[in-house]
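Per-entry structural report
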Amino acid sequence: MVFQGASALTLDAKGRMAVPARHRDALQALCEGQLTITKHPDGCLMVFPRPSWEAFRDKVAALPMSASGWKRIFLGNAMDVEIDGSARVLVSPELRAAAGISKDVMLLGMGSHFELWDAERYAAHEAEVMAQAMPDALQDFTF
């Protein structure tokens, strides 16, 4: 299952995010609505369907001791959540604070998982990326 596309969303007063309708059925079929949210090095959050999280978690857990700081960031901040009966997911206050998320967010499908960004922070990040030269890995890419 591949998740893609951007969704502009608004968190409610309790920090809950409505899961976009186009992803609900797939997430229910893939993981019965069980997700894991953790920090991303770029300052956003990663939202994994549980099977994708388990594969990622196993890769992180296998990292050498020299990466113990990153293990703490990824594993130590991971929160298991479930899509509730109203198709919402609670994003913990700790994770919202870590990603600078208050109310308006962007949920980006990134293949096996999602990224959750504060909307303003994502707009600034995207503008920064677009202003940079194209990386070597994309030089021969055909559009």
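Preceding this section is the structure that the text describes.
Residues numbered from 1 in each chain as written. Predicted model: local features only at pLDDT ≥ 70, side-chain atom pairs only at ≥ 80, totals over all residues. Heavy atoms only, no water.

Looking now at unusual backbone geometry. You will see that Glu 32, though not glycine, has its phi angle at about 55°, which is positive. Counting through the fold element by element, Glu 32 comes out in the loop between α1 (21-31) and β3 (34-39). Residue classification places Glu 32 among the exposed positions, given a relative accessible area of 58%. With phi around 60°, Ala 87 is a residue other than glycine that occupies positive phi space. Within the secondary structure, Ala 87 sits in the loop between β5 (79-82) and β6 (88-90). Residue Ala 87 is classed as buried on the basis of its relative accessible area of 12%. (Helix = DSSP H or I, 4+ residues; strand = E, 2+ residues; numbered from the N terminus. Buried < 20%, exposed > 50% of the residue type's maximum accessible area, 1.4 Å probe, protein only.)

This part takes up α1. Buried residues of α1: His 23, Leu 27 and Cys 31, and no others. Buried positions in α1, seen along its axis, are confined to an arc of 35° and lie on one side of it. In α1, the exposed positions angled more than 90 degrees off the buried face are occupied by Ala 21, Asp 25 and Ala 29. Elements in contact with the buried residues of α1: β1 (3-10), β3, β4 (45-49), α2 (50-61) and β8 (114-118). (Arc of directions from axis to C-beta. Contact = heavy atoms within 4.5 Å.)

Regular strands place side chains that alternate from one sheet face to the opposite one. Across 4 bridges, β3 lies against β5 in antiparallel orientation. Note that in β5 the partner of Leu 35 across the bridge is Val 81. Sheet analysis places β3 next to β4, joined by 5 bridges and oriented antiparallel. Residue pairing for β4: Lys 39 is matched across the bridge by Leu 45. What sits between β3 and β4 in their antiparallel hairpin is a turn of 5 residues, with Gly 43 showing a positive phi close to 95°. (Pairing = 2+ DSSP bridges.)

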